[in-house]
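# A look at the structure
So you can see what is in the structure, the chains are spelled out below.
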Amino acid sequence: MLAATIRNRGRSPTFSRPLLLDFICQLSRLRFSVDHYLLLVLLIGISACRTLPLIVRSHADFQSAVILPDQAASAQSSLKASTDHQSLSFHLISEIGTTGQGAGEFLSPTDLDVDLYGLIYVADTGNNRIQVLTSGGDFQAEFGHHGWQIGEFDGPNDVVIGQSTLFLADTGNDRMQICQMIDHLLAPFGQASSQGQGQSAFSWLNRPAGIDLSTNGEVYLVDQGHHRILKFDPNGQLLFSHGRYGDGIDRFRQPTDLAVDRQGDFYVVDAGNSKIKKYDFSGNFILEWDHHLQQPNRIAAHGRVYVTDSKSVEVFTTEGQYLTSFGHFEYPSGIATLDDRYLYVSDLQQNTISVFEVRQAKTEQR
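Owing to the predicted nature of the structure, the values given are computational and were not obtained by experimental measurement. Sequence order as written defines the numbering, with residues in each chain counted from 1. Since the coordinates come from a predicted model, pLDDT governs what is reported: local features require at least 70, and pairs of side-chain atoms require 80 or more to be given and counted, while whole-chain, interface and lining totals use all residues. Side-chain metrics rest on all non-hydrogen atoms present in the structure, leaving aside hydrogens and water.

### Description of the overall build of the chain
- Helical segments are the DSSP runs of H or I of at least four residues, strand segments are the runs of E of at least two, and each set is numbered from the N terminus. Counting secondary structure elements, the chain contains two helices and 28 strands.
- For the chain, buried positions account for 45% of its 366 residues.
- Within the chain, contacts between residues separated by at least 24 positions form 43% of all contacts whose residues are at least 6 apart in sequence.
- Surface exposure here means Shrake-Rupley accessible area, sampled with a 1.4 Å probe, where a residue is shielded only by the protein chains that are shown. Surface summary for the chain: the accessible area is close to 19,200 Å², and the carbon and sulfur share equals 52%. Categorising residues by exposure relies on relative accessible area from a 1.4 Å probe, with only protein chains included: less than 20% of the type maximum marks a residue as buried, more than 50% marks it as exposed, and the intermediate range marks it as partly exposed. Residue contacts are defined here by distance: any two heavy atoms, one from each residue, within 4.5 Å place the two residues in contact.

See below:
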């Protein structure tokens, strides 16, 4: 209709006065219609955008993952949680110990654990003993000395505290020992075998290195010399043996440690292959990663995973996503966490235990 008011199309238009008034009125009505048309297009566009898939990066295999519209909300929540993790900070509270053989002194403290009261149990490897201290460094107790009899150690590599029992990796003697916290008496882990008094039923171990417990009291052990993981019930009965030498999902090369998270999955430090491998409680492979790792040594897990590396501690999610790293250590070795609120790190060269408070900024993502 507008075209009818324009004469000599393709040249300069000529308007008569009545036609000019009619043109102006129609133009006003057209402008009103265009505004409504643009608004309609905008609404349709917004509605269409809501049905578009959300593209994110999968941290597991670094390939694009498509999330459908009904999954978008949960994906955005997951991405927000990942962003929140990045705000972690670690504040040094205290540094315990020095080089020596006295109370509160260490020689190559390989690993450690902490109980619910904040008491620290240290595998003081070079002194062939276990020491117990407060988080402030006050000496509480020690037990063990060099030897091969029950209650004696040869280079203990790990110590883990259960509800009423202490589990010890007596590495040089190729055995595990336990200490009942009620009477403080040490005993071999398992029943005495026919090989002689004082011999453990599990004397076939070859350099047991790392220990951890599940919430049900099941015992996981790194049998380093045999490149495998063993799982026992609380009474010392073998539940499974997992792994052999090599590089694969069920193979290890000089594994050094393991940790069980609050979900019951366990993580193995496959040191010879510079990887962390995750399995479920039955030993089924879940995933592995090697990024941000140079010389992984020891590990702790709860809601997050902490790995001591060459000069620092590397922090990951339980799905292997890298979060951050911290610390300037000489040779970080043992690590333990108290509900992701505190971290305890031993340094083999400095002969110290560092206690950190874990803080997370409570910033709301917009």
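More follows now that the structure is in view.
### Focus on the sheet that holds strand 4 (residues 109-114)
- Two strands qualify as a pair provided that DSSP identifies no fewer than 2 bridges between them. A sheet is described by the order of its strands in space; here four strands give the open sequence 4-5-6-7, paired in antiparallel fashion. Of all the strands in the sheet, the pair left with one neighbour each is strand 4 and strand 7 (139-143). Taken pair by pair, the neighbouring strands of this sheet meet at an average axis angle of 20°, ignoring direction.
- Both strand 6 (residues 129-133) and strand 7 contribute to a ladder of four bridges, which runs antiparallel. Bridge pairing in strand 7 links Ile130 to Phe143. Angles shown run from 0 to 180 degrees and are taken between the N-to-C directions of axes, each axis being a line fitted to C-alpha atoms and, for helices, limited to the stretch in contact.

### Details of the sheet that holds strand 18 (residues 257-260)
- Taken together, the four strands give an open sheet; going across it, the order is 18-19-20-21, and neighbouring strands pair in antiparallel fashion. The open sheet has two edge strands, strand 18 and strand 21 (285-289), and neither has a second partner. This sheet shows a mean twist of 20° between the axes of neighbouring strands, independent of strand direction.
- Two strands pair when backbone bridges link them, and strand 19 (residues 266-270) and strand 20 (residues 275-279) are joined in this way by five bridges, in the antiparallel orientation.

### Description of the pairing of strand 26 (residues 332-338)
- Among the seven residues of strand 26, seven are classified as buried, and the element is accordingly described as predominantly covered.
- Relative to strand 27 (residues 342-347), strand 26 runs antiparallel, the two being bridged by five bridges. From the neighbouring strand, Leu338 faces strand 27, where its bridge partner is Tyr342.
- Linking two consecutive strands that pair antiparallel, namely strand 26 and strand 27, is a turn of three residues; a positive phi of about 55° is found at Asp339 within it.

### As for the packing of aromatic side chains
- Centres within 6.5 Å are what make two rings of Phe, Tyr or Trp a pair, Trp counting through its six-membered ring; a difference in plane orientation under 30 degrees is then read as stacked, over 60 as edge-to-face, and the rest as tilted. As enumerated under the stated definition, the model contains 12 aromatic pairs in all.
- Ring geometry for Tyr279 and Phe285: centres 5.7 Å apart, planes at 70°, overall edge-to-face.
- Residue Tyr279 is classed as buried on the basis of its relative accessible area, which comes to 0%.
- Residue classification places Phe285 among the partly exposed residues on the basis of a relative accessible area of 28%.
- Consider the rings of Phe326 and Phe356, whose centres lie 5.0 Å apart with planes at 75°: the pair is edge-to-face. A residue pair is termed long-range when its members are at least 10 positions apart, and Phe326 in strand 25 (residues 322-326) and Phe356 in strand 28 (residues 352-360) qualify at 30 residues.
- Since its relative accessible area comes to 10%, Phe326 is described here as buried.
- Note on Phe356: relative accessible area 8%, which makes it buried.
- Three or more aromatic residues link up through ring pairs in this structure, and these residues are Tyr220, Phe252, Phe266, Tyr279 and Phe285.

### As for the side chain of Ser94
- Looking at the secondary structure, you find Ser94 in strand 3 (residues 88-96).
- Whenever two N or O atoms come within 3.5 Å, that pair is a polar contact, provided that in protein one can donate a hydrogen and the other can accept it, and provided that, for residues adjacent in sequence, both atoms are side-chain atoms. Within the structure, the side chain of Ser94 is placed 2.9 Å from the backbone oxygen of Ser135, a separation counted as a polar contact.
- Not counting residues up to four positions away in its chain, the partners in contact with Ser94 are Ser135, Ile353, Ser354 and Val355.

### With respect to the nonpolar core
- Counting residues in hydrophobic clusters, the biggest one holds 14 residues, and the most contacted among them are Phe90, Tyr306 and Leu343.
- Of all elements in the fold, only strand 3, strand 24 (313-316), strand 25, strand 27 and strand 28 reach the threshold of two or more residues within this core.
- Ignoring any residue separated from it by four or fewer positions in sequence, one finds Leu343 in contact with Phe90, Tyr306, Phe326, Ile335, Ala336, Thr337, Ser354, Val355, Phe356 and Val358.
- Counting 13 residues, the second largest nonpolar core, distinct from the first, contains Ile178, Leu205, Val219 and Phe232. Definition used in this section: a nonpolar core is a set of buried Ala, Val, Leu, Ile, Met, Phe, Trp, Tyr and Cys residues joined via side-chain atoms within 4.5 Å.

On their own, these measurements won't tell you what the molecule is for.
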